[in-house]
Amino acid sequence: MTMRLYTSSDIRNVALAGHAHSGKTTLASAMLFAGGATSRLLRTEEGITTTDFDEEEVSRQHSISTGIAALEFSKKKINLFDCPGLNTFIHDARLCLPAVDAMLLVVDGPAGVQVQTEKAWDYAAEFNLPVVFVVSKLEHERTSFTNVVSAIRERFGRRCCSVESRDELVEMIAEDDDDLMQEFFEQGSLSAEHLSKGLKKEVLNRKVFPILGVSAHKDQGIRDLLNFICEVLPAPVDRMKLETKGSPGIFVFKTLADAFAGRVSYFKVMSGTLRSDGHLMNWRTHHDERFAHLSTPFGKQVHEVSELSTGDIGVVHKLKETLTGDSLSDKSKEQHWPAVHVAEPAIAFALLAKSRNDEDRLATGMHKVLEEDPTLRFYRDGQTKEFLIAGNGQQHVEAIVARLHKRYHVDVEVRAPKIAYRETIRGSADVQGRHKKQSGGHGQFGDCKVKVEPLARGEQFSFVNATFGGSVPKQYVPAVEKGIQEAAAHGWLAGYPMVDFKVTLYDGSYHDVDSNEMSFKMAGRKAFKAAMAVAKPALLEPVMKVEVQTPVEYAGDLLGDINARRGRVAGMEVNAGSQMIRALVPMAQMLSYQNDLTAMTQGRASFAMEFDHYDYVPPIEAEKIIAAAQHMQMSDDE
Ligand SMILES: Nc1nc2c(ncn2[C@@H]2O[C@H](COP(=O)(O)OP(=O)(O)OP(=O)(O)O)[C@@H](O)[C@H]2O)c(=O)[nH]1
Ligand SMILES: [Mg+2]
């Protein structure tokens, strides 16, 4: 199927975001059906929706990654981004948000505002996106539209306003514009034209957040929502300064590694018009990429197009060197758009290949899967020689392992999670590192004096050369630094990387013949070891920011449980009958939280967590970690 051409002002890119199970995928289906893009309403339960096509999504009945599909409505092209809402996959939504121009924040009718509703709201703020709340499942017997509207306003402010409350909306719009205020005072209302213009502006500037209601199952409010998108939400060119006339440039926001079709890249046209059979330069890799066939995404399928206007969303297959976050543009003009910054994943699992054959294919398969998800890390532990995969949580990693199995037939076992501990120092040291081997043959000589001090959390490492008079010849200074860094990478207490410390090299000596780089590197290592003996090394552990939402009756038990996990409660609020608990809890205590929380609350509570900071491990726990590391060291030496 080939799609017609749309000009920049006829394009709308909207994300459907919100809590898991709130009805985003079903709503996307209903919108596609209403727009004539599918011949009937496809439901998540049937496993055949347009935007959930991955094997894992079908079997779990939850979206795992953002599915994109286009439809036409009142001559506009709407690109729908159906985002995952589950805690462990919602980060995937964030990666796609640079490509959209508004967010439909879906709020579950029966359940109301939930943990990931807030997360999605925060994402919208981060990317400066207009937000329209969509209350789902309107026909459901437990949905009260009025109650959900109150909960939304209580949580996100009175600028969230049901479009049914026309008077209130008119007042809000008039409030922010002197001319409209005057008209409002004189006429007691606003003309239809001014109201519509005013609303558009207020939504774009995130001054007003309209609330609509829909039932995807009963096809209620779907056309109104589509109309609203076309009439009120901005075209890409209304929201961002995009050059429609210049040479073409694109930003890649998503990559799929298809076992058969190979690499599939999703992009937004950021400038000019992109035509098929053109070439663009990838400015990260300096690789000339050919865009043979251009298409518009439609879930797993694509609809071919001959060109795409500024602001439109496209798909292209088989780019050679391009990954998520890359900017490509015509050779004549280098252009860059910022990639989304992702935090380092703090939880790692060991992967054990089930057979030799699996081991051989593990790395190849994994590298393909990794292309799809820049938040994952795959590496080999220097200490244990195990393959490790780091991600956002157990479910995240399990989904990856399942994908590896289904797509590439690699069988691996996921082992107990590893916590990414770090080491640091609490005290300072002033030490000497001296390496000398001058018996027979060519000698070795390096000598350095260093001061070592703690740095603030997160500052990693700094090295200052404060020598004078050539006590350490300039060409050997980097060797001292390298020696220290290499030793620091293996830590001191339990083999975890040493971080947040500063080294000042202030003196040393050398030998005219026997000094060389290697000798000064050795001297650096020795200085590090000498420093650790006195600088009070300590273990650091990742601490997570945890948000739990629960019916009020479980709050007492959950608080006690958080305490038992060495957690610190940072805030509590009651909102429309449900209790929100915010806490900081060491990751080591959160590994089984999903299961424990379900058991403690009969599955009625939900939670979200993300890495927050590193903090000292209390002495008793630290002893255990150090003992475990020494034990492993010993069995390695055997
Ligand atoms: N009663 C009713 N149920 C609905 C409606 N829309 C969706 N549901 C049901 O809600 C459940 C979740 O729907 P999904 O569309 O998969 O939810 P989602 O928001 O995409 O969930 P994630 O992908 O996990 O974030 C399914 O059982 C749907 O059948 C509706 O309009 N009315
Ligand atoms: Mg979904």
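Refer to the structure above for everything that follows.
In what follows, the accompanying structure is described. Because the structure is predicted, anything quoted here is derived from the model rather than measured.

What counts, and at which threshold
Residues numbered from 1 in each chain as written. Chains lettered and ligands numbered in written order. Predicted model: local features only at pLDDT ≥ 70, side-chain atom pairs only at ≥ 80, totals over all residues. Heavy atoms only, no water. Phe/Tyr/Trp six-rings, centres within 6.5 Å; stacked < 30°, edge-to-face > 60°. Helix = DSSP H or I, 4+ residues; strand = E, 2+ residues; numbered from the N terminus. Buried < 20%, exposed > 50% of the residue type's maximum accessible area, 1.4 Å probe, protein only. Lys NZ or Arg CZ within 6 Å of the ring centre and 35° of its normal. Salt bridge = Lys/Arg side-chain N within 4 Å of Asp/Glu carboxyl O. Donors = N, O, S within 2.8 Å, 3.2 Å for Na, K, Ca; no water.

What follows concerns the packing of aromatic side chains. By convention here, two paired aromatic rings are described through the distance between centres and the angle between planes. Enumeration according to the criterion identifies 13 aromatic pairs in this entry. An angle of 20 degrees between the planes, with centres 5.8 Å apart, marks the rings of W121 and F133 as stacked. Taken together, the residues span a long stretch of sequence, with W121 in helix α4 (residues 115–126) and F133 in strand β5 (residues 131–135) at a distance of twelve residues. Here W121 and F133 have matching classes, each one buried. On the basis of an interplanar angle of 80 degrees and a centroid distance of 5.0 Å, the ring pair of Y593 and F607 is categorised as edge-to-face. Here the residue Y593 occupies a position in helix α16 (residues 593–601), and F607 occupies one in strand β30 (residues 606–616), the gap between them amounting to 14 residues. Among the residues examined, Y593 registers a relative accessible area of 1% and is labelled buried. With relative accessibility at 7%, the residue F607 sits in the buried group. Through a chain of ring-to-ring contacts, three or more aromatic side chains come together here, namely W121, F133, F156 and F209. One cation-aromatic arrangement involves K254 over Y266; the distance from NZ or CZ to the ring centre is 6.0 Å. Sitting over the face of the ring of F387, R380 holds its NZ or CZ atom 4.5 Å from the ring centroid.

The next point concerns the pattern of salt bridges. Applying the stated criterion to the full structure yields 40 salt bridges. As a salt-bridge pair, E46 and R40 come within 3.3 Å of each other at their nearest N and O atoms. For E46, a relative accessible area of 40% translates into the label partly exposed. The partly exposed category is assigned to R40, whose relative accessible area is 40%. When the shortest N-O distance is used, the salt bridge between R566 and E541 registers 2.8 Å. Residue R566 is found in the loop between α15 (555–564) and β28 (568–575), and its partner E541 is found in strand β27 (residues 537–551); the two are separated by 25 residues along the sequence. With a relative accessible area of 2%, E541 lands in the buried category. Within the structure, one salt-bridge network assembled from shared partners comprises E118, R155, E547, E573 and R582.

The protein atoms that coordinate the magnesium ion (ligand 2) are T25 (OG1) and S63 (OG), at distances of 2.0 Å. With a gap of 38 residues between them, T25 in helix α1 (residues 24–34) and S63 in the loop between α2 (55–60) and β2 (67–73) connect regions that are remote in the sequence. Classification of S63 as buried rests on a relative accessible area of 9%.

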